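# Topology and contacts: notes
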Amino acid sequence: MNTGRIMAIFEKDLKEFTRNMMLFTTTLIPILMAFMFRNAGPDSTEAPAVLIAVIIGTAYSTILCSSIMTMMAEENEKDTLRGLVQSPASMLDILTGKSLVVIMMTGISLGLSILVMDAEMSWGTGGIAALVLLGLFFLSLGIAVGLEVKSVATTSVYLLPIMLVFGFTPMIETIVRDESHIVRQVAEYLPVYQYVFIQEGTEVLPLLILCGWAVLGLIYAAWAFKKRMNDENK
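Residues numbered from 1 in each chain as written. Predicted model: local features only at pLDDT ≥ 70, side-chain atom pairs only at ≥ 80, totals over all residues. Heavy atoms only, no water.

Scanning the model with the defined rule gives three salt bridges in all. One salt bridge in this structure joins Lys12 and Asp13, with 3.2 Å as the shortest N-O distance. With relative accessibility at 31%, the residue Lys12 sits in the partly exposed group. Taking the relative accessible area as the measure of exposure, Asp13 reaches 1% and is therefore buried. Put simply, Lys12 and Glu16 hold a salt bridge, and the shortest N to O gap is 3.5 Å. Within this pair, Lys12 and its partner Glu16 are both found in helix H1 (residues 3-19), separated by four residues, close to a single helical turn. A single network of salt bridges, built from pairs that share partners, joins Lys12, Asp13, Glu16 and Lys98. (Salt bridge = Lys/Arg side-chain N within 4 Å of Asp/Glu carboxyl O. Buried < 20%, exposed > 50% of the residue type's maximum accessible area, 1.4 Å probe, protein only. Helix = DSSP H or I, 4+ residues; strand = E, 2+ residues; numbered from the N terminus.)

What follows concerns a nonpolar patch on the surface. A surface patch of nonpolar side chains, about 380 Å² in accessible area, is lined by Met104, Ile108, Leu112 and Leu115. In this structure, Ile108 sits in helix H6 (residues 91-117). (Patch = residues over 30% accessible without salt bridge, like charges linked within 9 Å, V, L, I, M, F, W, Y side chains within 5 Å. Areas by Shrake-Rupley, 256 points an atom, 1.4 Å probe, with all protein chains shown as cover.)

We now examine the environment of Tyr158. Note that Tyr158 resides in helix H8 (residues 152-167). Overall, the relative accessible area of 35% leaves Tyr158 in the partly exposed class. Note: C-alpha distance between Tyr158 and Gly142 (16 residues apart in sequence) is 9.5 Å. Setting aside residues no more than four positions away along its own chain, Tyr158 makes contact with Met69, Val145 and Val149. (Contact = heavy atoms within 4.5 Å.)

In structure tokens, the structure reads:
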């Protein structure tokens, strides 16, 4: 990887991100949801772990995953990705530069959302590791889908299921209240739910499950990356 090329791609994509209203408005979604949930805690001052996890899942799915997916899809749609790959910058440089943009924007939006909710979160090793692993999973998923799709319109076909299944998972508690229900039992193994368990004091098993999801995301991204590079070399 070349640091200079990565930063050049980062600066270019950061400008495009702030000018693209579809991308930029995604950063407002978690903040707006935080205002909605602000007084939803049991004592109207402290937000429960489930609501915090929903905000995190929303930020990661609508910004981190969706934005990198859309940025890659735009390159595919305009057929500019091929030109970037044929430039001195490698595909890894391109992905790293774009990833830094969405990571930064996700961090800013999530930070503001947590401030708005005035949420008390555990910033121990387990909590931080969970945020990193969740970010790795959603970023890998977004990159993989972005490398595969051919147009921006197609991303919506993938994005909605990703948001519902992975981003808003803890909301299942408002729909299925029976903890023994099969839907609840399956949902409790999904990535964002692990953050809830960590906030409630259980760390080892949730972190192992998160590691598994992160590895699956990386495998999917590596497969899509290899497939894309083979297509480009044809």
